[in-house]
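Each chain, letter by letter, is given below.
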Amino acid sequence: ALITAPTVTRSNYTFAGWSTTLNDASTKVDSYSVPAQSSTLYALWVNRIVIGAGSNITNSYGFAESSTAFTATGGLGAHTFRLSPDRTANGITIDSQTGIVYVSATTPVGTYSSYVITVDQAGITDSKTISITVNTALTISDSKTLTTTVGRGLSSSAFTYAGGTGSKTFSISPTSAYVSISSGGIVSVDTSSAAMHQIFTVRVTDSTGAYATSSID
């Protein structure tokens, strides 16, 4: 066993431990695994591992979301990623290989902060903070009825929304040359509309792509 290991330094490198084979992290040893017989040990040197890229996450409850990939440069061999503290119980996970953080559709509303940690084969780490915000679910007001006669234009009262994230946009389907919806959620029937009876779906979408739907008959 190693009783006293020498202190070693090398400019612009991180000391990652001792190995029995030159530049081979798989043969890294500690005081409990050094062979009993006389051995030559090699210092493991690595460029400082650095974590980068990635992104914070903001989404609306009910819709899954993910970050851009966190990256790692330097270090020894392949890198893996983990979250600290672990948020699995809240539906927040990280792909250990790609560095992408995922938030499930059922992650409770709230704000979460974790460290994304990358580790190399020598056990050297670096970390970066990720902030995750889950806003309340986006909702839309109840369905409406709009009845008019041929040649008479008419508009509904405004559909309203609550919750969600960022700016909101209304749309209506199916597409009709005679029926439209304003940015304020008001559905209008044009004076040139022919006689018809149709149910339209009104949809409000927030800045993260979360949406809610209602209808107008």
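Reading the values: rules and limits
Residues numbered from 1 in each chain as written. Predicted model: local features only at pLDDT ≥ 70, side-chain atom pairs only at ≥ 80, totals over all residues. Heavy atoms only, no water. Phe/Tyr/Trp six-rings, centres within 6.5 Å; stacked < 30°, edge-to-face > 60°. Lys NZ or Arg CZ within 6 Å of the ring centre and 35° of its normal. Pairing = 2+ DSSP bridges. Helix = DSSP H or I, 4+ residues; strand = E, 2+ residues; numbered from the N terminus. Buried < 20%, exposed > 50% of the residue type's maximum accessible area, 1.4 Å probe, protein only. Contact = heavy atoms within 4.5 Å.

Undergrad: Describe the packing of aromatic side chains, and please don't skip the residues or the numbers.
TA: Taken as a whole and assessed by the stated rule, the structure comprises 4 aromatic pairs. These aromatic residues form a ring-pair network of at least three members: Phe15, Trp18 and Trp45. Against the face of Tyr211 rests Arg203, its NZ or CZ located 3.7 Å from the ring centre.

Undergrad: Let's hear about the pairing of strand S12 (residues 125-135): which residues, and what values?
TA: Bridge analysis of strand S5 (residues 57-60) against S12 gives 4 bridges, and the strand direction is parallel. Bridging from a neighbouring strand, Ile57 pairs with Ile132 of S12. Pairing of strand S11 (residues 110-119) with S12, which is carried by 10 bridges, proceeds in the antiparallel orientation. Opposite Ser114, over in S12, you have Ile130 as the bridge partner. Linking two consecutive strands that pair antiparallel, namely S11 and S12, is a turn of 5 residues; a positive phi of about 85 degrees is found at Gly123 within it.

Undergrad: Give me the lowdown on the sheet that holds strand S1 (residues 14-19), citing residues and values where you can.
TA: By definition, the strands of a sheet pair up through backbone hydrogen bonds, in either a parallel or an antiparallel sense. Across the sheet, 3 strands lie side by side as S2-S1-S3; this open sheet has antiparallel pairing. The sheet terminates laterally at strand S2 (28-29) and strand S3 (42-46), the two strands that pair on one side only.

Undergrad: A description of unusual backbone geometry should follow, citing residues and the corresponding values.
TA: In this model, Ser84 is joined to Pro85 through a cis peptide bond whose omega is 0 degrees. Within the fold, Pro85 resides in the loop between strand S8 (80-84) and strand S9 (92-94). Its identity is not glycine, yet Ala53 carries a phi of approximately 55 degrees, on the positive side. As for its placement among the helices and strands, Ala53 is situated in strand S4 (residues 50-53).

Undergrad: So, the sheet that holds strand S10 (residues 101-103): which residues are in play, and what are the values?
TA: Pairing in this open sheet of 3 strands is antiparallel, and the strands run S6-S10-S9 from one edge to the other. Two strands bound the open sheet, and with one partner strand each, they are strand S6 (65-66) and S9. Sheet topology places S6 next to S10; 2 bridges connect them, and they run antiparallel. When the bridges of S10 are listed, Glu65 appears paired with Val103.

Undergrad: Requested: an account of the environment of Ser167, with residues and values cited.
TA: Its place among the elements puts Ser167 in the loop between strand S15 (161-162) and strand S16 (168-173). According to the relative accessible area criterion, Ser167 is exposed, its value standing at 53%. When the C-alpha atoms of Ser167 and Thr208 are compared, they prove to be 9.0 Å apart, with 41 residues separating the residues in sequence. In this structure, Ser167 is in contact with Thr205, Asp206 and Ser207, ignoring residues within four places of it in sequence.

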